[in-house]
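What the coordinates show
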Amino acid sequence: MVIQCPFKEMRSYLTEIEQRFGLQQWAEQQEGFALHYDDQGLSLRKIDEPKLGAITVDFVTGAAAHRRKFGGGKGQSIAKAVGLNKGATPVVLDATAGLGRDGFVLASLGCKVILHERHPVVAALLYDGLQRAYDDIEIGPWMRENMSLVFGSSHTLLSQCVSTPDVVYLDPMFPHREKSALVKKEMRVFQELVGADTDADDLLDFAYPLASKRVVVKRPDYAPFLNDKTPSMQIKTKKNRFDVYVKAAMI
Ligand SMILES: C[S@@+](CC[C@H](N)C(=O)[O-])C[C@H]1O[C@@H](n2cnc3c(N)ncnc32)[C@H](O)[C@@H]1O
């Protein structure tokens, strides 16, 4: 049993998650993290730094819900980057899904978003967050339509993809520059779990032929272009930028 849980009735659901994402194998190779399930859902903690708090995926309440309601809609930089402000609602393949936050913004604006995530624990957290969102009365109907998860590496999944997304979205982990005390506590747990995605450069070569309209790469403002490839345009925010590699106009 990898996921600790006080509720016996949740055991079969949690066993399914453990098997689906290979959490037993993951647990045998690490000692620093603990997975727990309670009425807030599945969460991950660092055992030796409990003050950092837990990571959980919650699309229904909290920050995600606030951003959905008050976050600026199609005027947000990420929406412009994928081409949403042109009146289109593109199909987006989020090839580095993480905790699904960017994917959720796009799905809540009407995009169909396919999420790829390769880290077993991140994928399990995301899966659990999606199940709770699918069951929610308010967002469940469009979440079931618009957001789906595929567990695996985009390095193989993108080359095997049979459908053609309008947009491939990439946001690989880039080493953080800020002093660790300034990085949000939750982000520190995530960074220590996942590490840097040092093989991310290759993703652009898989993504570009697949996308029919564009590839969007999210980068910290100090990071070089992915694979040193100059984008067609850039959309800058306070700390990040979206490098957009345009193939065809949005209709
Ligand atoms: C910075 S996080 C993405 C955050 C995400 N945009 C969000 O809003 O929550 C990067 C994630 O991409 C995943 N990742 C990196 N390379 C991948 C690949 N080749 N295939 C699938 N997932 C990948 C990492 O495991 C990590 O969870």
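Per chain, residues are indexed from 1 in the order of the written sequence. Selection of residues for local features in this predicted model requires a pLDDT of at least 70, selection of side-chain atom pairs for listing and counting requires 80 or more, and totals for whole chains, interfaces and linings are taken over all residues. Only heavy atoms go into the side-chain values, all of them from the structure, while hydrogens and water stay out.

What follows concerns the nonpolar core. Of all hydrophobic cores here, the largest spans 58 residues; its most connected members are Leu23, Leu35, Leu44, Phe59, Leu125, Met143 and Met147. For the purposes of this section, nonpolar cores are sets of buried Ala, Val, Leu, Ile, Met, Phe, Trp, Tyr and Cys residues that join through side-chain atoms within 4.5 Å. The rule is simple: take the accessible area with a 1.4 Å probe, protein chains only, and divide by the maximum for that residue type; under 20% is buried, over 50% is exposed, in between is partly exposed. One finds Leu170, Leu204, Leu226 and Tyr245 within the second-largest nonpolar core, a separate group that totals 15 residues.

So, about the sheet that holds strand β5 (residues 91-94). Being paired, for any two strands, means DSSP has found at least two bridges between them. The way it works is that DSSP assigns letters per residue, a run of H or I at least four long becomes a helix, a run of E at least two long becomes a strand, and they are numbered from the N terminus. Taken together, the seven strands give an open sheet; going across it, the order is β7-β6-β5-β8-β9-β11-β10, and neighbouring strands pair in mixed fashion. Because the sheet does not close on itself, it has two edges, and the strands there are β7 (147-151) and β10 (233-236). On average, adjacent strands in this sheet sit at an angle of 20° to one another, irrespective of strand direction. Direction of pairing for β5 relative to strand β8 (residues 167-170): parallel, over a ladder of three bridges. Fitted lines through C-alpha atoms give the axes, limited to the stretch in contact for helices. The angle between two N-to-C directions lies from 0 to 180 degrees.

So, about the pattern of salt bridges. Basic side-chain nitrogens of Lys or Arg form a salt bridge, by our definition, when they fall within 4 Å of a carboxyl oxygen of Asp or Glu. In the structure shown here, the tally under the stated rule is 16 salt bridges. Two residues, Glu49 and Lys46, come together in a salt bridge whose shortest N-O distance is 2.8 Å. A salt bridge links Arg118 to Asp199, with the nearest nitrogen and oxygen atoms 2.9 Å apart. Of this pair, Arg118 sits in the loop between β6 (112-117) and α6 (120-134) while Asp199 is found in the loop between α9 (185-194) and α10 (201-210), placing the two residues 81 residues apart along the sequence. Classification of Arg118 by relative accessible area gives partly exposed; the value is 35%.

Take the sheet that holds strand β2 (residues 33-38) next. With respect to topology, four strands assemble into an open sheet ordered β1-β2-β3-β4, the strand pairing being mixed. Both outer strands of the open sheet, β1 (3-4) and β4 (55-56), are each paired with one neighbouring strand and no more. In the sheet, strand β3 (residues 41-46) pairs with β4 via two bridges, with the strands oriented antiparallel. Pairing of Leu44 across the sheet is with Ile55, part of β4.

Let's shift gears to empty space enclosed by the protein. It is a probe the size of a water molecule, rolled over the atoms, that shows where empty space is left. Using protein atoms alone on a 1 Å grid, points that fit a 1.4 Å probe yet trap it form a cavity, whereas open point sets bounded by protein on both sides within 12 Å along at least five of seven lines form a pocket; residues with an atom within 4 Å of a point count as lining. Grid points are joined across faces, edges and corners, and a volume is the space filled by probe spheres set on the points. Scanning the model with the defined rule gives one cavity of 30 Å³ or more in all. Ala64, Arg67, Arg68, Gly73, Gln76, Phe104, Val105, Ser108 and Leu109 together form the lining of the largest cavity. For the lining of the largest cavity, a count of residues per class yields four nonpolar, three polar and two charged. Note on residue classes: Ala, Val, Leu, Ile, Met, Phe, Trp, Tyr, Cys and Pro are nonpolar, Asp, Glu, Lys and Arg are charged, and everything else, Gly too, is polar.

Whether a residue is near a molecule or strand is decided by its heavy atoms; if any one of them lies within 4 Å of it, the residue is near. For the ligand, the set of nearby residues contains 23 residues, the closest of which are Asp102, Glu117, Ser154, His155 and Asp171. Any pair of nitrogen or oxygen atoms within 3.5 Å is treated as a polar contact; in protein, a donor-acceptor pairing is required on top of that, and neighbouring residues in sequence qualify only through side-chain atoms on both sides. The contact in question runs from an oxygen atom of the ligand to an N or O atom on the backbone of Gly100, over 3.3 Å. At a separation of 2.8 Å, an oxygen atom of the ligand approaches a polar backbone atom of Asp102. At the level of elements, α5 (101-108), β6, α8 (154-160) and α9 are the ones that each hand at least two residues to the shell around the ligand. Within the shell around the ligand, the residues separate by chemical class into eight nonpolar, nine polar and six charged.

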